Amino acid sequence: MILLLATVLLAQAQPEPHRQGAPVPDSSQPAAGERGVTLGHEEVAPGAHKAEHEQGAEEHEGGIAEHIFHHVEDEPVVPLGFWIGNRYIRLDITKHVINMWLAAGILLIVVGLAARKRALIPKGGYNLLETFVMFIRDEISTKNIGHHAKLYTPYLCSAFFFILFMNLTGLLPIPAWRGFPGISTATGNISVTVVLALFTFVLTQIAGMRAQGVVGYWVHLVPSGVPAALWPLMFVIELFGLFTKPFALTVRLFANMVAGHIVIFFLIALTLFISVYVAPVSVAFALGIFMLELFVALVQAYVFTMLSALFIGMTQHAH
């Protein structure tokens, strides 16, 4: 399933061939002007220096913006793919894929080390891990899903910890170095959040059909008591409503994570836009946003898990 979803999301058309740009005239060659033939850069039109200065400033600002968005955008590291007919399916190992692997590896190591010290009276890392798991089980899963909460608690725990570690790993200040693409938040990639939301969407439909029956689940999409004339219209509305739930999960997680990183980079870039003397203020504000991002990383993992449990719980009872 993971391979199928990744293939659908990452499938792209064959890249366009490289286009050759228009030849740029060599300004060092003699050119004809109002005063005759000029040699090289001898003749300068009035206001040319001002125009060049403004153009240089725009290029400087554009370069900073491109540098900032380069840190939050995805890029291929190891190109992979295959042809299906005339269509090229891309399965590149990208920067965000590597960051997902790092987050998953750190998660397995941390949870594995903490779970080794299990005891009747938990202490240390196991105590912290058990606190999170019990909170997800008792406060999120049981209260939103009900009697069948134990069936879906493992998925909710997996989603919570995986999103949390992806968010926290993306805050590590590790730049690109010797082929390593650097650290970037994988949840700042909308393709990643789409796949996470699709897992919740598919599990929600399975949970509803398991609880109400395959036919009963789809019949009960429309609330009881709706007039027969309005039933077809309400069924279409409720059917589209099913897809608004994963859309909300996708956009909420993606937008909150990528926005915080862009704000941090732009605050640091104020030293180049304004003056180097604003560096203490811009760095202080950037540090404040960074500390807020630590809190947002936890909140967004909680919100995604809570909404997933809520959507699953809504399908458990026809009323």
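Conventions we followed
- Residues numbered from 1 in each chain as written.
- Predicted model: local features only at pLDDT ≥ 70, side-chain atom pairs only at ≥ 80, totals over all residues.
- Heavy atoms only, no water.
- Axes fitted to C-alpha atoms, helices over the stretch in contact; angles between N-to-C directions.
- Helix = DSSP H or I, 4+ residues; strand = E, 2+ residues; numbered from the N terminus.
- Parallel < 35°, antiparallel > 145°, perpendicular 65-115°, else oblique.
- Contact = heavy atoms within 4.5 Å.
- Pairing = 2+ DSSP bridges.
- Salt bridge = Lys/Arg side-chain N within 4 Å of Asp/Glu carboxyl O.
- Buried < 20%, exposed > 50% of the residue type's maximum accessible area, 1.4 Å probe, protein only.
- Core = buried A, V, L, I, M, F, W, Y, C linked by side-chain atoms within 4.5 Å.
- Expected span 1.5 Å × (residues − 1).
- Phe/Tyr/Trp six-rings, centres within 6.5 Å; stacked < 30°, edge-to-face > 60°.
- Lys NZ or Arg CZ within 6 Å of the ring centre and 35° of its normal.

Requested: an account of the packing of helix H5 (residues 149-169) against helix H6 (residues 190-212), with residues and values cited.
With their axes 12 Å apart at the nearest point, H5 and H6 run at an angle of 170 degrees to one another. Taken together, H5 and H6 sit at an angle that is classed as roughly antiparallel. Contacts between H5 and H6 pair Leu 151, Tyr 152, Tyr 155, Phe 162, Ile 163 and Met 166 from the former with Val 192, Leu 196, Phe 199, Thr 200, Leu 203, Ala 207 and Arg 210 from the latter.

Hey, could you go over the pairing of strand E5 (residues 87-90) for me, with residue numbers and the actual values?
As paired strands, strand E4 (residues 81-84) and E5 are joined by four bridges and run antiparallel to one another. Counterpart to Gly 81 in the pairing with E5 is Arg 90.

Can you tell me about the environment of His 96, naming the residues and giving the values?
Of note, His 96 is situated in helix H3 (residues 95-115). Residues His 96 and Ser 191, spaced 95 residues apart in sequence, show a C-alpha to C-alpha distance of 10.0 Å. The contacts of His 96, once residues within four sequence positions are left out, are Val 72, Glu 73, Asp 74, Ser 184, Thr 185, Ala 186 and Asn 189.

Explain the pattern of salt bridges to me, using residue names and the numbers behind them.
Taken as a whole and judged by the stated rule, the model has four salt bridges. Put simply, Arg 90 and Asp 92 hold a salt bridge, and the shortest N to O gap is 2.5 Å. We classify Arg 90 as partly exposed; its relative accessible area is 25%. Between Asp 138 and Arg 137 there is a salt bridge, and its shortest N-O distance comes to 2.9 Å. The exposure class of Asp 138 is partly exposed, given its relative accessible area of 28%.

Summarise the nonpolar core; cite the residues concerned and give the values.
In this structure, Ile 136, Ile 145, Phe 161, Ile 163, Met 166, Leu 196 and Phe 304 are the most contacted members of the largest nonpolar core, which totals 35 residues. Among the elements of the structure, H3, helix H4 (124-145), H5, H6, helix H8 (231-273) and helix H9 (279-314) are those that each provide at least two residues to this core. The element that contributes the greatest number of residues to this core is H5, accounting for eleven residues. Ignoring sequence-local partners within four residues, the contact set of Phe 304 consists of Tyr 155, Ala 159, Ile 163, Leu 196, Ala 197, Thr 200, Leu 249 and Leu 253.

Provide a residue-level description of H3, including the pertinent values.
The terminal C-alpha atoms of H3, which comprises 21 residues, lie 30 Å apart, in line with the 30 Å expected from a rise of 1.5 Å per residue. Among all positions of H3, only Lys 95, His 96, Val 97, Ile 98, Asn 99, Ala 103, Leu 107 and Ala 114 are buried.

Tell me about the packing of aromatic side chains, and please be specific about residues and values.
All told, the structure shown has eight aromatic pairs when counted by the stated rule. When the ring of Phe 160 is compared with that of Phe 161, the centres are 5.3 Å apart and the planes differ by 80 degrees; the resulting orientation is edge-to-face. For the pair formed by Phe 160 and Phe 161, the shared burial category is buried. Here the aromatic residues Phe 132, Phe 160 and Phe 161 are joined through ring pairs into a cluster of three or more. Its guanidinium or amino end placed over the ring of Phe 311, Lys 245 lies 5.9 Å from that ring's centre, counting from NZ or CZ.

Go over the environment of Thr 204 with me, naming the residues and quoting the values.
When you line up the elements, Thr 204 lands in helix H6. In this structure, Thr 204 is in contact with Phe 311, Ile 312 and Thr 315, ignoring residues within four places of it in sequence.

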